[in-house]
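The residues making up each chain are set out below.
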Amino acid sequence: MSAILMALPGVEHFAGHLRGHLGCDAGELLLHRFPDGETCPQMTPAVEGRDLILVGAMDRPDHKIMALYLSACVARELGARSVGLVAPYLPYMRQDAVFAPGQGVTARHFARLLSGCCDWMVTVDPHLHRFHSLSEIYTMRTEVVPAAPEISRWIAANVERPVLVGPDEESEQWVAQVAAGVGCPYTVLRKVRSGDREVAVSLPPAGVLGGRTPVLVDDIVSTARTMIATVEQLKAAGCPPPVCVGVHALFADAAYAELEAAGAGRIVTCDTVCHVSNDIGMSATLAQAVARMLA
């Protein structure tokens, strides 16, 4: 029997594309909310003896985690052969060290929670900095799907004479991969962050940017402070309005409008987090990873 795919709230459209690539059965996940706020998952059809694929929108995760956790646990209780998770965006990866007294490494605790209820997980470009692979903190099978190939294809098809701009040293290896896929030059700036919303970046080298359209590339766009600071530096250097490309469109509060107002020529993101800026699809590549997990 083929696998069953069920979507948690907020990711139904993406899950439909994923199911189309996989050719698996569609299931329905009903999350009943009791008056006291507790959640009771109910699944149709029966999952006994079958592989279940849960697709979860994991941005702003805290109010979504319990529904995911209970759904995976109930599926196991009902006899599912395996329970896999497709999390296009994986949260709780940035607190990968203790940054202040009294804090903890929450990335480890979140990994233990998911590893305890799922058999495998596929995700797109998690924030791997101090952890170099998910296997360092996740005990279930995992596969990371890179967004770089799809971003390269989009840039090659939509931007004339691009030059890629990475916002900080951490981004260099990833930006270099995208640039190689496009066949264009790139440069990486230096970033100094003095708070959650206070960011400064270095001036870009004029020789690399001359006569080209700058394309800012970053993995997570949350407050957008880094991109805004970079856009302002490029504007001061006399560059044309840059194209801003992000993998995960978190856009806290008014960040999207502020990035537009700063002078971004176009803002484009992958569809790992549902947002009006989504224009780079990841479902086909994720489906290949899911098929490998099921095999």
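Now for a quick tour of the structure. Please read all numbers here as calculations on a predicted model, not as lab measurements.

### Let's talk about the overall build of the chain
Argument step 1. The secondary structure content of the chain amounts to nine helices and 16 strands.
Argument step 2. At 20 Å, the chain has a C-alpha radius of gyration in line with the 19 Å of a compact globule built from 295 residues.
Argument step 3. Referenced to the eigenvectors of the C-alpha coordinate spread, the extents of the chain come out at roughly 60 × 45 × 35 Å.
Argument step 4. Burial status across the chain gives 52% buried among its 295 residues.

### Topic: the packing of helix 7 (residues 225-236) against helix 8 (residues 255-262)
Argument step 1. Here helix 7 crosses helix 8 at 5°, and the two axes come no closer than 9 Å. In terms of orientation, helix 7 lies roughly parallel with respect to helix 8. Contacts from Arg225, Met227, Ile228, Val231 and Lys235 in helix 7 reach Glu258, Leu259 and Ala262 in helix 8.
Argument step 2. Its residues assigned to classes, the contact of helix 7 with helix 8 shows five nonpolar, no polar and three charged.

### Side note on the nonpolar core
Argument step 1. Core analysis: the largest hydrophobic core is formed by 42 residues, its most contacted members being Ile53, Val55, Val86, Ile151, Ile155, Leu164 and Leu286.
Argument step 2. A domain split of this core shows at least three residues from each of domain 1 (3-145) and domain 2 (148-280).
Argument step 3. For leucine 286, the residues in contact, after removing those within four places along its chain, are Phe14, Leu18, Val86, Pro88, Val122, Thr123, Val124 and Val145.
Argument step 4. Listed in part, the 34 residues of the second largest apolar core include Met58, Ala80, Leu114 and Tyr138.

### Description of the side chain of lysine 64
Argument step 1. Summarising the element assignment, lysine 64 is placed in the loop between strand 5 (51-55) and helix 2 (65-77).
Argument step 2. Only 2.8 Å separates the side chain of lysine 64 from the backbone oxygen of aspartate 59, close enough to count as a polar contact.
Argument step 3. The residues contacting lysine 64, other than those within four sequence positions of it, are Ala57 and Asp59.

### Brief notes about the sheet that holds strand 14 (residues 243-249)
Argument step 1. Spatial ordering of the open sheet is given by 10-9-13-14-15-16, a layout of six strands whose pairing is parallel. One side of each edge strand has no neighbouring strand; the edge strands of this open sheet are strand 10 (186-188) and strand 16 (278-280). Looking at each pair of strands side by side, their axes are set apart by 35° on average, direction ignored.
Argument step 2. Both strand 15 (residues 266-270) and strand 16 contribute to a ladder of two bridges, which runs parallel. Bridging from a neighbouring strand, threonine 269 pairs with asparagine 278 of strand 16.

### Observations concerning helix 2
Argument step 1. In this model, helix 2 (13 residues) spans 18 Å end to end at C-alpha, consistent with the 18 Å of a helix rising 1.5 Å per residue.
Argument step 2. Residues of helix 2 that are buried: Ile65, Ala67, Leu68, Ser71, Ala72, Val74 and Ala75.
Argument step 3. Buried residues along helix 2 sit in contact with strand 3 (28-33), strand 4 (39-44), strand 5, strand 6 (82-87) and helix 3 (106-115).

### Side note on the packing of helix 4 (residues 148-158) against helix 5 (residues 172-182)
Argument step 1. Viewed as axis vectors pointing N to C, helix 4 and helix 5 meet at an angle of 45°, and their least axial separation amounts to 8 Å. Taken together, the axis directions place helix 4 and helix 5 in an arrangement best described as oblique. When you trace helix 4 past helix 5, the crossing you get is right-handed. Every residue of helix 5 that contacts helix 4 at Ala148, Ile151, Ser152, Ile155 and Ala156 is listed here: Trp174, Gln177, Val178, Gly181 and Val182.

Cut-offs applied
Residues numbered from 1 in each chain as written. Predicted model: local features only at pLDDT ≥ 70, side-chain atom pairs only at ≥ 80, totals over all residues. Heavy atoms only, no water. Helix = DSSP H or I, 4+ residues; strand = E, 2+ residues; numbered from the N terminus. Rg over C-alpha atoms; globule rule 2.2 N^0.38 Å. Buried < 20%, exposed > 50% of the residue type's maximum accessible area, 1.4 Å probe, protein only. Axes fitted to C-alpha atoms, helices over the stretch in contact; angles between N-to-C directions. Parallel < 35°, antiparallel > 145°, perpendicular 65-115°, else oblique. Contact = heavy atoms within 4.5 Å. Nonpolar A, V, L, I, M, F, W, Y, C, P; charged D, E, K, R; others polar. Core = buried A, V, L, I, M, F, W, Y, C linked by side-chain atoms within 4.5 Å. Domains from an automatic or database assignment. Polar contact = N/O pair within 3.5 Å; in protein donor to acceptor, adjacent residues only side chain to side chain. Pairing = 2+ DSSP bridges. Expected span 1.5 Å × (residues − 1). Left-handed = near helix turned anticlockwise from the far one by under 90°.

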